[in-house]
Amino acid sequence: MATLHPTIPVVDFRDWADGRMSPKFVQDLGDGLSKFGFVAVTGHGVAPWILDRAYDTARRTFALPDGVKKQYETPQDGRQRGYTSFGVEHAKDNPAPDLKEFWHVGRTLAQDHPLHVSGDIPPNQFPAELPAFQEVFSDYFDRIEGFALCLLDALAQYLGVQAGFFRNMTDDGNSIVRIIHYPALNEPPPAGSVRAAQHEDINLMTVLPASTAEGLELMTNDGEWMAVTTPPDVLVVDTGDMMKLLTGGVLPATTHRVVNPSGDAMGKERLSMPFFLHPHPDFRLKPLGSTDDGVTTRDFLHERLRAIGVA
């Protein structure tokens, strides 16, 4: 995804970090998300070795035999944790399966935590065959979540809402890292299937480090597909359906997809590690300032999991 000509706005996190809290960063972040639904963030502080270690662990995870991986698949909880087999998930309103497999990692709660007991936050499924997996992806989760929460603070300023409003709603939220493997396409895929069909993210905000191969595209306001190209070493950030609902569309959920490669690139796999930030399951989603009851994050999420075939 490296290019000298980025197709989405680029903002520098160093203008926010270290106590600077620059009004320019707030404005640039909010304006970029408002216009495109996507921005690229430089100066984020996540060291390259963190990402390299995670991608190396991901490769070894998906190289495990299918029978081993499926031991960690949990359809009973909507596959909110652990493994999801190749071809299970599809986009909403599109029955053609996506050409991917993936693994979900979320926060770890105490056994007696109410959200663990209720099943709202399912237990993680760490593969015993790869002892490093738990440490690597628990650390990755914590680092990316910390970065995402800072962005929420900046967006609270941008929207003129109470400081901490967005951050606080994510306390004990059902946030996840989705570690995705798009296998090489060594033969023509089924009709209508692509690596990830067009969709909008369900959650509040997504943070995505550079994937190992190109393919991400977003739909512009003119209804045209545009490849997402950025400077190297950025974190790409987009807002999802929950943020769109909360802000009355001021911060949109932009339609995007991952297209199939062509030519020699068909023989190469693609790995990606998006972090999906979610509010607490009991938080009621409704437009800012509304007196409506709204819908719980729990119900909103479960409806969408059913719509994409994983629950």
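Please refer to the structure higher up on the page.
If you're wondering where the values come from, they're calculated on a predicted model, not measured in any experiment.

Thoughts on the nonpolar core
So, step 1. One finds Phe-137, Tyr-140 and Ile-179 to be the most contacted residues of the largest nonpolar core, which totals 62 residues.
So, step 2. The leading source of residues in this core is helix H5 (residues 132-159), at 14 residues.
So, step 3. When residues no more than four places from it in sequence are discounted, the contact partners of Tyr-140 are Ile-50, Leu-51, Ala-54, Val-177, Pro-209 and Met-273.

Overview of helix H1 (residues 23-36)
So, step 1. A rise of 1.5 Å per residue sets the reference length of H1, with its 14 residues, at 20 Å; its end C-alpha atoms lie 20 Å apart and thus fit the reference within 8%.
So, step 2. Taken together, the buried positions of H1 are occupied by Phe-25, Val-26, Leu-29, Gly-30, Gly-32 and Leu-33. One face of H1 carries all of its buried residues, which in axial projection span an arc of 160°. Across from the buried face of H1, at angles greater than 90 degrees, the exposed residues are Pro-23, Lys-24 and Lys-35.
So, step 3. The inward-facing, buried residues of H1 abut strand E1 (10-12), strand E2 (38-42), H5 and strand E10 (235-239).
So, step 4. In the stretch just after H1, Gly-37 is the one whose phi turns positive, near 80°.

Side note on the sheet that holds strand E9 (residues 225-227)
So, step 1. Spatially, 4 strands are ordered E6-E11-E8-E9 in an open sheet, and the strand pairing comes out antiparallel. Two strands in the sheet have a free side with no partner beyond their single neighbour: strand E6 (196-199) and E9. With direction set aside, neighbouring strand axes in the sheet form an average angle of 20°.
So, step 2. Of the pairings in the sheet, the one linking E6 to strand E11 (residues 256-258) comprises 2 bridges and is antiparallel in character. Within E11, the residue paired with His-199 across the bridge is His-256.

Examining the packing of aromatic side chains
So, step 1. Going through the model one piece at a time under the given rule, you end up with 11 aromatic pairs.
So, step 2. With 6.0 Å between their ring centres and 40° between their planes, Trp-16 and Phe-25 make a pair best called tilted. This pair shows no difference in class: Trp-16 is buried, exactly as Phe-25 is.
So, step 3. Residues Tyr-83 and Trp-103 carry aromatic rings whose centres are separated by 5.7 Å and whose planes lie at 50° to one another, so their mutual orientation is tilted. With a gap of 20 residues between them, Tyr-83 in strand E3 (residues 82-84) and Trp-103 in strand E4 (residues 101-106) connect regions that are remote in the sequence.
So, step 4. Pairwise contacts between aromatic rings join Tyr-72, Tyr-83, Trp-103, Phe-126, Phe-133, Phe-137 and Tyr-140 into one cluster.
So, step 5. Lying across the ring of Trp-225, Arg-257 places its NZ or CZ 3.9 Å from the centre.

Re helix H2 (residues 48-62)
So, step 1. For H2, built from 15 residues, the straight-helix expectation of 21 Å at 1.5 Å per residue is met to within 8% by its first-to-last C-alpha distance of 21 Å.
So, step 2. Along H2, the residues classified as buried are Ile-50, Leu-51, Ala-54, Tyr-55, Thr-57, Ala-58, Thr-61 and Phe-62. For H2, the angular spread of buried residues about the axis comes to 165°, placing them on one side.

Regarding the pairing of strand E7 (residues 205-209)
So, step 1. Summarising burial for E7: 5 of the 5 residues are buried, a large majority.
So, step 2. Residues Met-205, Val-207 and Pro-209 point to one face of E7 and Thr-206 and Leu-208 to the other, with burial holding for every one of them.
So, step 3. Here E7 pairs with E10 via 5 bridges, running antiparallel. The residue of E10 that forms the bridge with Thr-206 is Asp-238.
So, step 4. Sheet topology note: the E7/strand E13 (residues 275-277) ladder contains 3 bridges and is antiparallel. Bridging across to E13, Thr-206 finds its partner in Phe-276.

Some details on unusual backbone geometry
So, step 1. Look at Asp-93: it is not a glycine, yet its phi comes out positive at around 65°.
So, step 2. Locating Asp-93 in the fold gives a position in the loop between E3 and E4.
So, step 3. Take Asp-93: its relative accessible area is 72%, and that puts it in the exposed class.
So, step 4. With a phi angle near 55°, Asp-172 is a residue other than glycine that sits in the positive phi range.
So, step 5. The topology assignment puts Asp-172 in the loop between helix H6 (165-169) and strand E5 (176-182).

Rules and cut-offs
- Along every chain, residues carry numbers that run from 1 in the direction the sequence is written.
- For a predicted model such as this one, the threshold for reporting local features is a pLDDT of at least 70, and the threshold for listing and counting side-chain atom pairs is 80 or more; totals across whole chains, interfaces and linings nevertheless cover every residue.
- The basis for the side-chain values is all heavy atoms of the structure; hydrogens and waters are excluded.
- By nonpolar core we mean a set of buried residues, namely Ala, Val, Leu, Ile, Met, Phe, Trp, Tyr and Cys, connected to one another through side-chain atoms within 4.5 Å.
- Type-normalised accessible area, obtained with a 1.4 Å probe on protein chains alone, sets the label of each residue: buried when under 20%, exposed when over 50%, and partly exposed for intermediate values.
- Helix numbering and strand numbering both begin at the N terminus, where a helix is a DSSP run of H or I of at least 4 residues and a strand a DSSP run of E of at least 2.
- Should any heavy atoms of two residues lie within 4.5 Å, those residues are counted as being in contact.
- Take the residue count of a helix, subtract one, and multiply by 1.5 Å to get its expected span.
- An arc is given here, and it is the one of the directions from the helix axis to the C-beta atoms.
- A pair of strands is treated as paired once DSSP finds two or more bridges between them.
- Fitting a line to C-alpha atoms yields each axis, with helices limited to the stretch in contact; the angle taken between N-to-C directions then spans 0 to 180 degrees.
- Think of it this way: a Phe, Tyr or Trp ring, Trp meaning its six-membered ring, pairs with another when their centres are within 6.5 Å, and the plane angle makes it stacked under 30 degrees, edge-to-face over 60, tilted otherwise.
- Two conditions define a charge sitting above a ring: the NZ of Lys or the CZ of Arg must be within 6 Å of the ring centre, and it must be within 35 degrees of the ring normal.

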